[in-house]
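Chains, contacts and geometry: an overview
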Amino acid sequence: AQSVSQHNHHVILSEAASLELGCNYSYGGTVNLFWYVQYPGQHLQLLLKYFSGDPLVKGIKGFEAEFIKSKFSFNLRKPSVQWSDTAEYFCAVRSDSWGKLQFGAGTQVVVTP
Amino acid sequence: DVKVTQSSRYLVKRTGEKVFLECVQDMDHENMFWYRQDPGLGLRLIYFSYDVKMKEKGDIPEGYSVSREKKERFSLILESASTNQTSMYLCASRTDVTSYEQYFGPGTRLTVT
């Protein structure tokens, strides 16, 4: 079964710094990849997704992710973070034909003013 | 907008009690999911339902059961609550198996004492 590994559990950075969160999945073939975000006190919501085509995917709020098939990776990036990006970020991969999602452990990001 | 609601935001129950967590979606989605979210473990799938009265076990079904009598409602049942079931429970729904985007509810934080 697919598994997902997120490299960092906690990240603290200052406003305007660049953010990159690592995500690796366990095996190849056709994959569907997702980044979800959970702002404090809010629902988990989809940030961006990759199904096929251009490996550089743009999402909401200035986030983007790059799918690198050879590295089994789908890293999330934002060039300049804001205090409002403080949240927990989850990487997920479709795990079977039912389209169930396998989530990573999550990365808690704190942006300081 | 898709709306997924959960019956309680916070719940405190005693060991051995039978607990019902309710989830309702208003978008006529076929598929519904129950996850638990624990720090450092991300989201883990407990059960999902691909249609009314249909259910499939997820990764951690032990100690839980589910019920889906109507399309819009998916209930998670803890037959005899235990302290290791203290967690955040998230419900999600999606259109059908061809649509991989899931929409999440606000979560129920359950404490079992």
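Here the structure is shown first, and the text comes after it.
Residues numbered from 1 in each chain as written. Chains lettered and ligands numbered in written order. Predicted model: local features only at pLDDT ≥ 70, side-chain atom pairs only at ≥ 80, totals over all residues. Heavy atoms only, no water.

**Digging into the state of the cysteines**
Residue and element names in this part refer to chain A. Counted according to the given criterion, the structure contains two disulfides over all chains. Here Cys23 is linked by a disulfide to Cys91, with a sulfur-sulfur distance of 1.9 Å. An S-S torsion of about -65 degrees defines the bridge between Cys23 and Cys91 as left-handed. Of this pair, Cys23 sits in strand 4 (residues 23-25) while Cys91 sits in strand 10 (residues 87-94), and the two are 68 residues apart along the sequence. A relative accessible area of 0% places Cys23 in the buried class. (Disulfide = S-S within 2.5 Å. Helix = DSSP H or I, 4+ residues; strand = E, 2+ residues; numbered from the N terminus. Buried < 20%, exposed > 50% of the residue type's maximum accessible area, 1.4 Å probe, protein only.)

**A closer look at unusual backbone geometry**
Residues and elements named next belong to chain A. The backbone phi angle of Ala16 is positive, close to 80 degrees, even though this residue is not glycine. Within the fold, Ala16 resides in the loop between strand 2 (10-14) and strand 3 (19-21). Despite not being glycine, Phe72 shows a phi value in the positive range, around 50 degrees. Structurally, the position occupied by Phe72 is in the loop between strand 8 (64-68) and strand 9 (73-78).

**Considering the interface of chain B and chain A**
Counting residues at the interface gives 21 residues for chain B and 22 residues for chain A. Where chain B abuts chain A, roughly 1800 Å² becomes buried across the two surfaces, and 59% of that area is made up of carbon and sulfur atoms. Joining chain B to chain A, the criterion identifies one salt bridge. In this structure, the salt-bridge partner of Glu101 of chain B is Lys49 of chain A, at a minimum N-O distance of 4.0 Å. Linking chain B to chain A there are five residue pairs in polar contact (both at pLDDT 80 or more). The set of elements that each furnish at least two residues to the side of chain B that touches chain A consists of strand 4 (31-38) and strand 5 (42-51) of chain B. Sorting elements by how many residues they give to the side of chain B that touches chain A places strand 5 of chain B first, with five residues. Of the residues contributing to the side of chain B that touches chain A, the split by class is eleven nonpolar, five polar and five charged. (Contact = heavy atoms within 4.5 Å. Buried area = accessible area lost by both parts, 1.4 Å probe. Salt bridge = Lys/Arg side-chain N within 4 Å of Asp/Glu carboxyl O. Polar contact = N/O pair within 3.5 Å; in protein donor to acceptor, adjacent residues only side chain to side chain. Nonpolar A, V, L, I, M, F, W, Y, C, P; charged D, E, K, R; others polar.)

Function cannot be read off these values alone, since they describe shape.
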